[in-house]
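These are the residues of each chain, in order.
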Amino acid sequence: MNTNDLASAIPLAATLGIDVSEVTSQRVTATMNWAEQLCTSGGILHGGALMAFADTIGALCAVANLPPGAGTATIESKTNFFRAVRSGVVTAVSEPLHVGRSTIVAQTNLTDDRDKLVAQVTQTQAVLTE
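Predicted, not measured: the structure shown is a model, and the values here were computed from it. (Residues numbered from 1 in each chain as written. Predicted model: local features only at pLDDT ≥ 70, side-chain atom pairs only at ≥ 80, totals over all residues. Heavy atoms only, no water.)

1. Looking at the environment of P68
What counts is decided by this rule: Helix and strand definitions here come from DSSP, where helices need a minimum of 4 consecutive H or I residues and strands a minimum of 2 consecutive E residues; each element is numbered from the N-terminal end.
Assignment of secondary structure puts P68 in the loop between α3 (47–63) and β3 (71–81). Separated by 61 residues in sequence, P68 and T129 have C-alpha atoms that sit 9.2 Å apart.

2. A few points about the side chain of D112
Heads up, the rule is: Classification of residues uses two cut-offs on accessible area relative to the type maximum, computed with a 1.4 Å probe and protein chains only: under 20% is buried, over 50% is exposed, and between them is partly exposed. We call two N or O atoms a polar contact when they sit within 3.5 Å, provided that within protein one can donate a hydrogen and the other can accept it, with sequence-adjacent residues counted only if both atoms are side-chain atoms. Between two residues, a contact is recorded if the distance between any of their heavy atoms is within 4.5 Å.
Checked against the element boundaries, D112 lands in the loop between β5 (103–111) and β6 (117–128). The exposure class assigned to D112 is buried, which follows from its relative accessible area of 10%. Among the polar contacts made by the side chain of D112, one reaches the main-chain amide nitrogen of R114 at a distance of 2.9 Å. In terms of polar contacts, D112 uses its side chain to reach the backbone amide nitrogen of K116, at 2.9 Å. Not counting the four nearest positions on each side in its chain, D112 is found in contact with R83, V89 and V118.

3. Quick notes on the nonpolar core
The condition is simple: Within this scheme, the nonpolar core is defined by two criteria: the residues are buried Ala, Val, Leu, Ile, Met, Phe, Trp, Tyr or Cys, and they are joined through side-chain atoms within 4.5 Å.
Core analysis: the largest hydrophobic core is formed by 26 residues, its most contacted members being I18, F53, I57 and L110. Elements represented by at least two residues in this core include exactly α2 (11–16), β1 (18–23), β2 (28–33), α3, β4 (89–99), β5 and β6.

4. Some details on the UniProt feature "domain: Thioesterase" (unreviewed entry) in the protein
Inclusion rule: UniProt positions are given in the numbering used here, feature names are shortened, and annotations may be inferred rather than shown by experiment.
Feature annotation in UniProt assigns "domain: Thioesterase" (unreviewed entry) to the following positions: residues 42–118. Across residues 42–118, helical content stands at 22% and strand content at 43%; the span's end C-alpha atoms are separated by 17 Å.

5. Observations concerning α3
This is how the line gets drawn: Expected span of a helix: the number of residues minus one, times 1.5 Å.
Here α3 spans 24 Å end to end across 17 residues, near enough to the 24 Å set by a 1.5 Å rise per residue. In terms of residue burial, α3 counts as a mostly covered element, since twelve of its 17 residues are buried. Looking only at α3, the buried set comprises A49, L50, A52, F53, A54, T56, I57, G58, A59, L60, C61 and A62.

6. Side note on the environment of D19
Checked against the element boundaries, D19 lands in strand β1. Note: C-alpha distance between D19 and T29 (ten residues apart in sequence) is 8.8 Å.

Take a look at the structure:
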């Protein structure tokens with residue numbers, strides 16, 4: 001999925017500057033640059049920005065595993081933060097932990113430029129069928 005497609009489908013992705021590099025049913029990879037407007041005091045990337053990044057990439061992981069014609073929505077999300085991001089690029093890698101008929105659980109790891117774990121997000125996505 002190119003950046004323009006992502007921005008069309010999820011406008012917040014453009015605001016966050018998310019760049020998706022890989023989307024398969026087993027793995028979604030993307031990056032997001034540190035940006036001053038996404039920070040709290042002290043130039044630390046806001047936890048909400050990191051959570052929104054992970055939620056977006058986890059949702060793409062769910063979409064890659066949906067049956068034809070189905071949609072998805074996040075129904076639960078848990079974030080553990082491990083370190084602050086003060087500059088550089090954050091990389092997200094999301095993988096499915098469970099793909100079922102009514103839910104998909106994705107785990108997204110966020111790492112910094114030094115490949116240090118910044119946060120881990122586990123989310124449950126509803127499988128929405130008509």
